[in-house]
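Notes for the structure review
Single-letter residue listing:
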Amino acid sequence: MRRPPIYGLLAEFDTPTELVTAARKARAEGYRVMDAYSPFPIEELAEALHFHDRRLPLVVLLGGLFGGVAGYALEYWTSVIDYPLNVGGRPLHSWPAFIPVTFETTVLCAALSAVLGMLALNGLPMPYHPVFNVPRFALASRDQFFLCIEATDPHFDRVITRRFLERLDPLSVSEVDH
Amino acid sequence: MPQVFHRSTNTFSRVSIFGALFFIAGATYGLALINRSAYVTEAGVAREQPIQFSHRHHAGELGIDCRYCHTTVERTASAGMPATQTCMNCHAQIWVESPMLEPVRASYRTDTSIRWARVHDLPDYVYFNHSIHVQKGIGCATCHGRVDRMNLTWQEASLQMEWCLDCHRAPERYVRPRAEVFNMAWEPPSNQLEVGRELVHEYKIQSLTDCYTCHR
Amino acid sequence: MSLPVIEARRDRRPPIIAPGHTFETVTDRISRVVLRRGTPRGWIVGFALSFSLMMVLFYATAVLLFRGIGVWGINIPVAWGFDIVNFVWWIGIGHAGTLISAILLLLKQEWRTSINRFAEAMTLFAVACAGLYPVLHLGRPWLAYWLFPYPNTMSMWPQFRSPLIWDVFAVSTYLTVSLLFWFVGLIPDFATLRDRSASRVGRATYGMLAMGWRGSAQHWHRYETAYLLLAGLATPLVVSVHTIVSFDFAVSVIPGWHATILPPYFVAGAIYSGFAMVMTLAIPIRKFYGLEDFITMRHLDNMARVMLATGLIVAYGYMMETFMAWYGGNPYESFMVLNRFSGPYWPQYWLLITCNVILPQVLWFKRLRTSIPALFGVSLIVNLGMWLERYIIIVVSLHRDFLPSSWGMYAGTIYDWSMLFGSMGLFLTLLFLFIRYLPMISIFEMRTLVPGAHVEEEAP
């Protein structure tokens, strides 16, 4: 596929309500490849964009399971197999005493996979991104709300899409360079 | 304009994060290697001595028994270093003019000990006893290597605790018949584990991994 | 309809954010503290004082390393002294951050928003101070990595049946997870600072830390999931940490330590001291930086209530120790309690009871809960009381145990005291750096509290 001449079109809105409405309308118009940008999480936005990703909880579950199994296995292998040490006649496999460390490694690995999983699924770190080329986009981390319809969308047309976005009553519409 | 970074920083940041992971793993592995290397343990490094004494010549080519010089190895903790008198037993009659042996003769004349450079030096918190190892069938060469092939002597093993425990946790892998302890050329038989287990039983070799076995 | 009545009832409490704020005022007010040109003189003076105090810690540590732990007052029988007292005290203080961030998040307490960032930073710095002491107590601190399981040249592994190893795992996991939690919370704010910083260095530094955060809806969606999961993980973790610290004592057989009440009473004490420390720090900072709009009386009132509740749990713990000493019929236990009441350390014990049980009861009165000087005073008193509690638990139990022939006395030396005050210097130095270079209130979460933040659904 040839690379389109621009990355997409970016419309700026003043309130979260306008952004959510605009996202719903764009969706109804048939646009699929788009993203919305806001200075704080807006629950309705993911829903308006029909965005569902259930992979992260699974990643965390697997990370936690790995941590728990690995922690317990480490304790079992070191205390029973590799370095059996008689401490006051207590059993080598003293499982109740192994629980605290197992718990800690479970939490540690689950937390690490939550953070690293979130960053990886989000494709971060990505210090350079085309939307940053729009000067007004600096306000996306302050008080403005943006909707970007990307040029890879099959319905995208530089003129028609622009006209559509302007009908949504935004503060501004700008082209996003690559 | 919020675009702070150049396009290439995307690749750069990901590569550096992944790179850091590999770098840390590699550095950790490298440290473990250095810790076990001759640089730290001094294993395999021939030690300079005040006199160029060759075990290869005396023990190997001439076939002098270990115990001729290291007299207390079967009875005490220390194997014992020979007095200058032991050297002079022979060197009063052979190589009497050799300039190489002048320090030995000087030591004998002035009644001062030769200051050998110690090759095997365990930390002071480790209690080690030669006699028990010899009595239980651990050969000289098991720890000291083929001393009969060394010109200047070096330390064969790392002397790290993992090396001690390697045998203490499973002595049947290294034990040999008592008669072969001083035989430098003894090779373990193909059924060493089997023979070893019998010897462990016969010599009543006990569990040796308590802390206080060595740290008293 | 009864709706207006409910509204009226809610309005009686002070708001969690002063009225009239918008997205831009919230953003600008908080980021201005970091991005302003020039550093306020008050900051420089405070930082210089903290830094000097930190140098005292470094000096005492250097002496300790050169001369050995003999410079401390510890002896036999009192082999644990200031070092472990300070460790438990700091780690207890370090509990409020995660509690505020995680547990109050799960309980949907919106008032946590303006104090969570700050409390999390406090947690990190307190845990860093805490971690110092057991490591220095090792005697050969440069070998502290021996505590972790790794394939070493000794062919040995840590003893997993010992609570001291559980401690290593609990404290290091807590530090790591707190750091992750704090960092994840900071990412969107780093993006704000990147976009608002006037200097190239600032843009590049905050930009790198923001990792290219652009507030995409997909990112927010996963971010919120991750944040919630982290909160869910941190909640049992925070309870486990002080439980495991209490195991250091409870798993032993020393009278006064070997008690099943220890874990819950340690956790309550940790929250008690943590909230006291948040209060001690929040009151001057909100005043100095004019952040009364964000850390309102409502916050102080709520924290005072939490302190009152946890203080009562701690008081219950003291009561149960005394009761069990009598009811259990163990002569060593009852001696331990009598020795606390009237032994050589009786002044410290009764001062502890005064600080932790008697004086904080003033928080029952609303007039005092809304008086800044009273709250500040109570928070300082509780900090002192919680330090004394650990001193009593550790020193009084050890100095007279089973054998009268091995009884002894304990007192901290000049080095013990310099390390205690020096670690406060370390803590405050880190805190001063934090409030200068990072947003001390979570900007993006504050935006969600602004009235316009809710999406108004059109009537169908």
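The numbers attached to residues start from 1 for each chain and follow its sequence in the written order. Starting at A for chains and at 1 for ligands, labels are handed out in the order in which the entities are written. Reporting of local features is limited, given that this is a predicted model, to residues whose pLDDT is at least 70; pairs of side-chain atoms are given and counted only at 80 or more, and all residues count toward the totals for whole chains, interfaces and linings.

This part takes up the overall build of chain C. Each helix and strand in chain C was counted, giving 17 helices and zero strands. The reference for a compact globule is 2.2 Å times residues^0.38; the radius of gyration itself is calculated from the C-alpha atoms. Relative to the compact-globule value of 23 Å for 460 residues, chain C shows a C-alpha radius of gyration of 24 Å, a close match. If one aligns the C-alpha atoms of chain C with their principal axes, the spans along those axes are about 80 × 60 × 45 Å. At a minimum sequence separation of 6, the contacts of chain C that also span at least 24 residues come to 82%. In this description a helix means any DSSP run of H or I spanning at least four residues, a strand means any run of E spanning at least two, and both kinds are numbered starting from the N terminus. For the purpose of contact definition, each residue receives a C-beta atom placed from its backbone, and two residues are in contact when these atoms lie within 7 Å.

Of the regular secondary structure elements, chain B holds eleven helices and zero strands. In chain B, the order of α-helices and β-strands from amino to carboxyl end is α-α-α-α-α-α-α-α-α-α-α. For the C-alpha atoms alone, the extent of chain B along its principal axes is close to 95 × 50 × 35 Å. Any residue surrounded by 20 or more other C-beta atoms within 10 Å of its C-beta is treated as buried, while 12 or fewer makes it exposed and the intermediate range makes it partly exposed; C-beta atoms here are placed from the backbone. When burial is assessed residue by residue, chain B has 13% of its 216 residues classed as buried. Here the contacts in chain B between residues at least 6 apart in sequence split such that 71% fall between residues at least 24 apart.

Residues and elements named next belong to chain C. Angles shown run from 0 to 180 degrees and are taken between the N-to-C directions of axes, each axis being a line fitted to C-alpha atoms and, for helices, limited to the stretch in contact. Two elements in contact, helix H4 (residues 82–93) and helix H16 (residues 414–437), have axes separated by 10 Å at closest approach and are oriented at 15°. One finds that H4 runs roughly parallel with respect to H16. H4 and H16 meet at a crossing whose hand is right-handed. Contacts between H4 and H16 involve Phe-82, Asn-86 and Trp-90 on the former and, on the latter, Asp-416, Met-419, Leu-420 and Ser-423. For this classification, Asp, Glu, Lys and Arg are treated as charged, while Ala, Val, Leu, Ile, Met, Phe, Trp, Tyr, Cys and Pro are nonpolar and the rest, including Gly, are polar. For the contact of H4 with H16, the per-class residue count stands at four nonpolar, two polar and one charged. An angle below 35 degrees is read as roughly parallel, one above 145 as roughly antiparallel, one from 65 to 115 as roughly perpendicular, and any other as oblique. Should the near helix be turned anticlockwise from the far one by less than a right angle, the crossing is termed left-handed; should it be turned clockwise, right-handed.

Attention now moves to the pairing of strand S3 (residues 145–150) of chain A. Residue and element names in this part refer to chain A. With six of its six residues buried, S3 lies for the most part within the structure. Here S3 shows a buried face lined by Phe-145, Leu-147 and Ile-149 and a second buried face lined by Phe-146, Cys-148 and Glu-150. Pairing between strands requires that DSSP locate at least two bridges from one strand to the other. Bridge count between strand S1 (residues 8–13) and S3: six bridges; the pairing is antiparallel. By the bridge assignment, Glu-12 is partnered in S3 with Phe-146.

Attention now moves to the domain arrangement of chain B. Split by domain assignment, chain B resolves into domain 1 (8–36), domain 2 (55–81 + 118–214) and domain 3 (83–115). Domain extents, as shown, originate in an automatic or database domain assignment. Just the C-alpha atoms count here: the centres of domain 1 of chain B and domain 2 of chain B sit 41 Å apart.

Glancing now at the interface of chain A and chain C. Taken residue by residue, the interface counts 56 residues in chain A and 49 residues in chain C. Counting residues per element, the ones that place at least two in the side of chain A that touches chain C are helix H1 (16–28), strand S2 (34–37), helix H2 (43–48), helix H3 (55–82) and helix H4 (95–121) of chain A. Classifying every residue of the side of chain A that touches chain C gives 38 nonpolar, nine polar and nine charged.

Our next topic: the nonpolar core. Joining buried Ala, Val, Leu, Ile, Met, Phe, Trp, Tyr and Cys residues through C-beta atoms within 7 Å gives a set, and that set is a nonpolar core. Of all hydrophobic cores here, the largest spans 182 residues; its most connected members are Met-122 and Val-278 of chain C. A domain-level breakdown of this core finds at least three residues from each of domain 1 (8–53 + 128–176) and domain 2 (55–121) of chain A. Not counting the four nearest positions on each side in its chain, Met-122 of chain C is found in contact with Ala-96, Gly-97, Met-277, Val-278, Leu-281 and Leu-431 of chain C. In terms of nonpolar packing, the next biggest core, distinct from the first, is built from ten residues, Val-134, Ile-138, Ala-141 and Val-175 of chain B among them.

All names here are of chain C. Known as pLDDT, the predictor's per-residue confidence is scaled from 0 to 100. Taken over all residues, the pLDDT of chain C has a mean of 89, while the share at 70 or more is 97%. Of all the helices and strands in chain C, helix H1 (residues 3–11) carries the lowest mean pLDDT, 46, while helix H13 (residues 346–358) carries the highest, 95. The low-confidence segment residues 1–9, where pLDDT is below 50, has zero contacts with residues more than four positions distant or belonging to other chains. Here the complex is predicted with pTM 0.90, and the ipTM for its interfaces comes to 0.92.

Residues and elements named next belong to chain A. The antiparallel open sheet is built from four strands, whose spatial order is S2-S3-S1-S4. A strand with exactly one partner marks an edge of an open sheet, and here the two such strands are S2 and strand S4 (172–176). Recorded for the sheet is a direction-independent mean angle of 20° between the axes of neighbouring strands. As judged from the five bridges shared by S1 and S4, these two strands associate in the antiparallel manner. Bridging from a neighbouring strand, Leu-10 pairs with Ser-174 of S4. Here H1 sits on the sheet in contact with S1, S2 and S3, set at roughly 15° to S3.

Turning to the interface of chain B and chain A, a few remarks are in order. Between chain B and chain A, the contact holds eleven residues from the first and nine residues from the second. Residue composition of the side of chain B that touches chain A, by class: four nonpolar, five polar and two charged.

Moving on, we get to the packing of helix H5 (residues 95–106) of chain C against helix H10 (residues 262–288) of chain C. All names here are of chain C. Look at H5 against H10: their axes get within 7 Å of each other, and the N-to-C directions meet at 90°. On the basis of their axis angle, the class for H5 and H10 is roughly perpendicular. Listed contacts from H10 to His-95, Ala-96 and Leu-99 of H5 are Ala-270, Ile-271, Gly-274, Phe-275, Met-277 and Val-278.

Next up on the list: helix H2 (residues 23–35) of chain C. Residue and element names in this part refer to chain C. Under the 1.5 Å per step criterion, the end-to-end length of H2 is 17 Å for 13 residues, consistent within 8% with the ideal 18 Å. Three or more residues of H2 are buried, namely Phe-23, Val-26, Thr-27, Ile-30, Ser-31, Val-33 and Val-34. Elements in contact with the buried residues of H2: helix H7 (163–196), H16 and helix H17 (443–447). Expected helix span is computed as 1.5 Å times (number of residues minus one).

Attention shifts here to unusual backbone geometry. The amide bond that connects Leu-124 of chain A to the next residue, Pro-125 of chain A, takes the cis arrangement and shows omega of 0°. Looking at the secondary structure, you find Pro-125 of chain A in the loop between H4 and S3. Phi is positive for Ser-155 of chain C, close to 55°, though the residue is something other than glycine. Mapped onto the fold, Ser-155 of chain C is located in the loop between helix H6 (113–137) and H7. Residue class for Ser-155 of chain C comes out partly exposed when judged on the 18 C-beta atoms lying within 10 Å of it.

This part is about the environment of Arg-158 of chain A. Residue and element names in this part refer to chain A. Mapping Arg-158 onto the fold places it in helix H5 (residues 158–167). Given 14 C-beta atoms within a 10 Å radius, Arg-158 is considered partly exposed. Put simply, Arg-158 and Pro-5 are 153 residues apart on the chain and 9.6 Å apart in space, counted from C-alpha to C-alpha.

All names here are of chain C. When you line up the elements, Ile-30 lands in helix H2. The spatial distance from the C-alpha of Ile-30 to the C-alpha of Ile-271 is 27 Å, given a sequence separation of 241 residues. Those residues in contact with Ile-30 that sit more than four places away from it in its chain are Pro-439, Ile-441, Ile-443 and Met-446.

This part is about the environment of Ser-158 of chain B. Residues and elements named next belong to chain B. By the element assignment, Ser-158 lies in the loop between helix H8 (140–144) and helix H9 (161–168). On a C-alpha basis, the gap between Ser-158 and Ala-106 in space is 35 Å, while along the polypeptide they are 52 residues apart. Apart from residues lying up to four places away in sequence, Ser-158 is in contact with Arg-36, Thr-41, Ala-43 and Trp-163.

Let us now look at the pairing of S1 of chain A. Burial runs high along S1 of chain A: six of the six residues are buried. Neither face of S1 of chain A is exposed, since Gly-8, Leu-10 and Glu-12 of chain A on one face and Leu-9, Ala-11 and Phe-13 of chain A on the opposite face are all buried.

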